[in-house]
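For reference, the chains in residue letters:
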2 protein chains.
Amino acid sequence: MLAEIICIGDELLIGQTINTNAAWLGDALNRSGIQVQRVHTISDDPQAILSMVDECLLRSQVVVMTGGLGPTKDDLTKHTLCDYFGSHLVMNNEALERIESFMRVRQLPILEVNRQQAALPHNCRVIQNYKGTACGMWFEKNGHVLVSMPGVPYEMQAMMSEEVIPSLQSKFALPHITHRTLLTMGVGESFLAEQIADWENSLAAADIKLAYLPSPGSVKLRMSHYGGGDSAAVAEHFARKESELRQLIGDCIYGQENDTIAGVVGQLLRDRNLTLATAESCTGGHVGHLLTSIPGSSAYYKGGMITYTNAIKTAQLGVPEEEIAQFGVVSNEIATAMAQQIRKKFSADFGIGITGIAGPDGGSEATPVGTVCISVSSSYGEFVKKEVLGRSRERTIQVASHFALNYLRKEILRTDAC
Amino acid sequence: MLAEIICIGDELLIGQTINTNAAWLGDALNRSGIQVQRVHTISDDPQAILSMVDECLLRSQVVVMTGGLGPTKDDLTKHTLCDYFGSHLVMNNEALERIESFMRVRQLPILEVNRQQAALPHNCRVIQNYKGTACGMWFEKNGHVLVSMPGVPYEMQAMMSEEVIPSLQSKFALPHITHRTLLTMGVGESFLAEQIADWENSLAAADIKLAYLPSPGSVKLRMSHYGGGDSAAVAEHFARKESELRQLIGDCIYGQENDTIAGVVGQLLRDRNLTLATAESCTGGHVGHLLTSIPGSSAYYKGGMITYTNAIKTAQLGVPEEEIAQFGVVSNEIATAMAQQIRKKFSADFGIGITGIAGPDGGSEATPVGTVCISVSSSYGEFVKKEVLGRSRERTIQVASHFALNYLRKEILRTDAC
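Residues numbered from 1 in each chain as written. Chains lettered and ligands numbered in written order. Predicted model: local features only at pLDDT ≥ 70, side-chain atom pairs only at ≥ 80, totals over all residues. Heavy atoms only, no water.

J.: For this particular structure, what's the right way to read the nonpolar core?
T.: As a rule of thumb, nonpolar side chains are buried together in soluble globular proteins. In terms of nonpolar packing, the biggest core is built from 69 residues, with A:Ile352, A:Leu405, B:Leu269, B:Leu405 and B:Leu408 touching the most fellow members. Beyond its immediate chain neighbours, meaning those up to four positions away, A:Leu405 contacts A:Ile261, A:Ala262, A:Val265, A:Val287, A:Leu290, A:Leu291 and A:Ile352. (Core = buried A, V, L, I, M, F, W, Y, C linked by side-chain atoms within 4.5 Å. Buried < 20%, exposed > 50% of the residue type's maximum accessible area, 1.4 Å probe, protein only. Contact = heavy atoms within 4.5 Å.)

This is the structure:
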């Protein structure tokens, strides 16, 4: 079952708005066993809409459109679809009552443009909008379906979840699409590919495709099976392949599906009733930000210090001045001292210490820009690692922060065994 | 001059990744006078790529592609373009040297898959990638241009800004488009629109269009002139309109073009040889992260504390326990005490204190979720403000952090006059 998505709006084309609807729809359709083969963004222009609709309906059994259904003059989608499907507009009383009540509740006057939103093509199935004023429309042509919905994300999402997806599922006998995503950190895409080359080659026999989805410091591995065959067998293949993969590279897998490293670490701390404090230099508070982006993080994150100068490292955190002089501020020794000190000062079970040179200035031959030393301290001892993360300041901050949380994850698991 | 964008990647189609490249490219092309008429997302599949490339090159003079250029087996774009343009791969020595040096600097071994990334179609112009390993490719066919770039945002953005946009401008002699963007904070979009309605109406006479670009806590105002006419007159119109706007709403304009509030504040501090320290509770280090995202911020940012628990606020920052009991931890009094204490402890000229409830839990009737108190302290006294920023945790952290820096900006300017 193939689908296409058409998003209408100049604000998308000029980059004023990021197209989050396409991602939401792609995910929703995919999970329902409908494979999105193309996504298109076009202008709210009758010619562009007509040609795109025609093209997509020939190629795909399901076409989902968003946008262009507002009450203003530049919203032309409804009239264009009316032309395309040989319709005329008729007043939909249910929609009219809903729109009038919607405006009444908000103490807004009911304008003629709002009323006109209840005039809908006579040969479509109307999808009521319980969160806004623009109705959705379900058309069929040669057994193919076109659904048009407003572009407001929460209006569109409600219509999809409550009416469109269930209707598509019942109309078509959908194959069961299976995905499994495992999240890795600490090994680059090409090294990972080399490490798992034989395993990757073995996926074809089970009709599973693999995708590498890299982001700074992390690579997601997604296995996909596009339906057909016995679903119990597919589930078994997935389980076996995942287990094989975990045997190969298990210690760099930090999570699955929509996990984040901060969420994973938070859950590990919460489960063990442990606490954490951070001492950040070059990451400047980003580790704290990642941790506190997770709701409920106050249960395990006590806080930390951003020690951006040597004087503050000494005066506030208590890192001895002579150690900084002896080892240099970007050194494993100072990262370790920072992790130890913040753990003690904040009475936490784990301490993270990070010192480095984010750049673009300040590097030397011995300690180039991008050098970062990260330490994790606990009562079981210290872990520390020095790495060179490259010349982009933003990327170094991102990657170092994620690596720090991943080292913490490994230390929590290591101390489990102590 | 019409363009289309093709983004390649299954992660986009299934909604695992939101397509931010399309928005960035739409904006970049639009600013250069190239109108994006369609954006397509397709699978990394040779047939899909071939048919889409062919279709777009017939319809548009410029086709910009991203994605599918990684070193792994699921990256098929280069070979597919090679087929389409009747090419064969030849080793590009500059690219090979760059890739080898890229891996060497990172102390990584050079794998054959990396080396193969330097094998490129013989009949394309190679666009070197100074931030990663996958080169870009510039092809021409019947006077139309197709550019293929990697999907990693910062790699693609550098290639576009440094090579692709300037090359398109010179190849197609593009009209001179003028933009001027002013950045405001603290006033909502509709309120702003009302305040500047007369001024906005006056723009038409100078053939200037206005766009409102809202983001959490901030609204960008962009004036655009789409070419034609005397360029000296256009420049004069822009200068006069900008000056009029600054007279109307000057104190909420914090910057222009690509400024960030952290960069603006940093420059103000640097120019005055002043220093800053931060005490963050609900923002959890995000203010520190924004400040330290600016290269050279160590010249004025001393660091701070993330005091995520009451105990840490008292023990480490020195906020009296009885004040927390008396006023509640989310109060103007505690925000002020935090700002004062961090300024003194870190011997800084300015201190920022932030305390609030990011949610989703923890609110009360008197102090609902989203309540944030922000204070700025200096030797000239304290500024403090309490606001309710809504129910989204992520948005509250973002907006509170930006507002804190904007209050600091105003305090720096206020103390100039003291």
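J.: Help me out: how do you make sense of the pattern of salt bridges in this one?
T.: Pairs can form between side chains of opposite charge once their charged atoms are near each other. This model, assessed by the stated rule, comprises 34 salt bridges over all chains. Linking A:Arg38 and B:Glu55 is a salt bridge whose minimum nitrogen-to-oxygen distance equals 3.9 Å. Taken together, the residues span two chains, with A:Arg38 in strand S2 (residues 35-42) and B:Glu55 in helix H3 (residues 46-59). Classification of A:Arg38 as buried rests on a relative accessible area of 6%. B:Glu257 is the partner of B:Arg180 in a salt bridge, and the nearest nitrogen-oxygen pair spans 3.3 Å. With B:Arg180 in strand S9 (residues 178-185) and B:Glu257 in the loop between strand S12 (253-256) and helix H11 (261-272), the pair connects residues that are 77 residues apart, well separated along the chain. What makes B:Glu257 partly exposed here is its relative accessible area of 27%. One salt-bridge network, held together by shared partners, links A:Glu4, A:Glu55, A:Arg59 and B:Arg38. (Salt bridge = Lys/Arg side-chain N within 4 Å of Asp/Glu carboxyl O. Helix = DSSP H or I, 4+ residues; strand = E, 2+ residues; numbered from the N terminus.)

J.: What is the right way to read the sheet that holds strand S13 (residues 276-280) of chain A from this model?
T.: Working definition: the strands of a sheet are paired by backbone hydrogen bonds and lie parallel or antiparallel to each other. In space, the ten strands of this open sheet follow the order S17(A)-S16(A)-S15(A)-S13(A)-S14(A)-S14(B)-S13(B)-S15(B)-S16(B)-S17(B), with mixed pairing throughout. Unpaired on one side and paired on the other, strand S17 (381-388) of chain A together with strand S17 (381-388) of chain B mark the two borders of the sheet. Across the sheet, the mean angle from the axis of one strand to that of its neighbour is 10°, orientation sign disregarded. (Pairing = 2+ DSSP bridges. Axes fitted to C-alpha atoms, helices over the stretch in contact; angles between N-to-C directions.)

J.: Got a minute to help me understand the interface of chain B and chain A in this structure?
T.: By convention, interface size is frequently given as the accessible area that disappears when the constituent parts associate. Listed by partner, the interface residues are 73 residues for chain B and 75 residues for chain A. Across the interface of chain B and chain A, roughly 5600 Å² is buried in total on both sides, 57% from carbon and sulfur atoms. When the buried area of chain B at its contact with chain A is split by residue, B:Ile14, B:Ile306 and B:Tyr308 rank highest and sum to 11% of it. Across the contact surface, chain B and chain A share two salt bridges. Where chain B touches chain A, the interface holds 30 residue pairs in polar contact (both at pLDDT 80 or more). Direction of pairing for S2(A) relative to strand S2 (residues 35-42) of chain B: antiparallel, over a ladder of five bridges. Along S2(B), the bridge assignment pairs A:Thr41 with B:Val39. (Buried area = accessible area lost by both parts, 1.4 Å probe. Polar contact = N/O pair within 3.5 Å; in protein donor to acceptor, adjacent residues only side chain to side chain.)

J.: I tried to follow unusual backbone geometry on my own but got confused; where do I start?
T.: Leaving glycine out, the prevailing phi sign among residues is negative, and the prevailing peptide bond configuration is trans. Cis geometry is adopted by the peptide bond preceding A:Pro360, which originates at A:Gly359 and carries an omega value of 5°. Its location among the elements puts A:Pro360 in the loop between strand S15 (350-356) and strand S16 (371-378). Positive phi is not limited to glycine here, since B:Asn273 has a value of about 60°. Along the chain, B:Asn273 turns up in the loop between H11 and strand S13 (276-280).

J.: Looking at this model, I keep getting lost on the pairing of S17(A). Mind explaining?
T.: Within a regular beta strand, the side chains point alternately toward one face of the sheet and then the other, so they alternate between its two faces. All names here are of chain A. Bridge count for S16 against S17 is eight bridges, and the pairing is antiparallel. In the strand pairing of S17, Ile 374 is matched with Lys 385. What sits between the antiparallel neighbours S16 and S17 is a turn of two residues.

J.: I'm lost on the environment of A:Thr415 in this one. Help?
T.: Residues and elements named next belong to chain A. Position of Thr 415 among the secondary structure elements: in helix H16 (residues 393-416). A residue is classified by how much of its surface remains accessible, and Thr 415, at 8% relative accessible area, is buried. Through-space distance from the C-alpha of Thr 415 to that of Ser 379 is 9.2 Å; in sequence the pair is 36 residues apart. Side-chain polar atoms of Thr 415 contact the backbone oxygen of Ile 412, separated by 3.0 Å.

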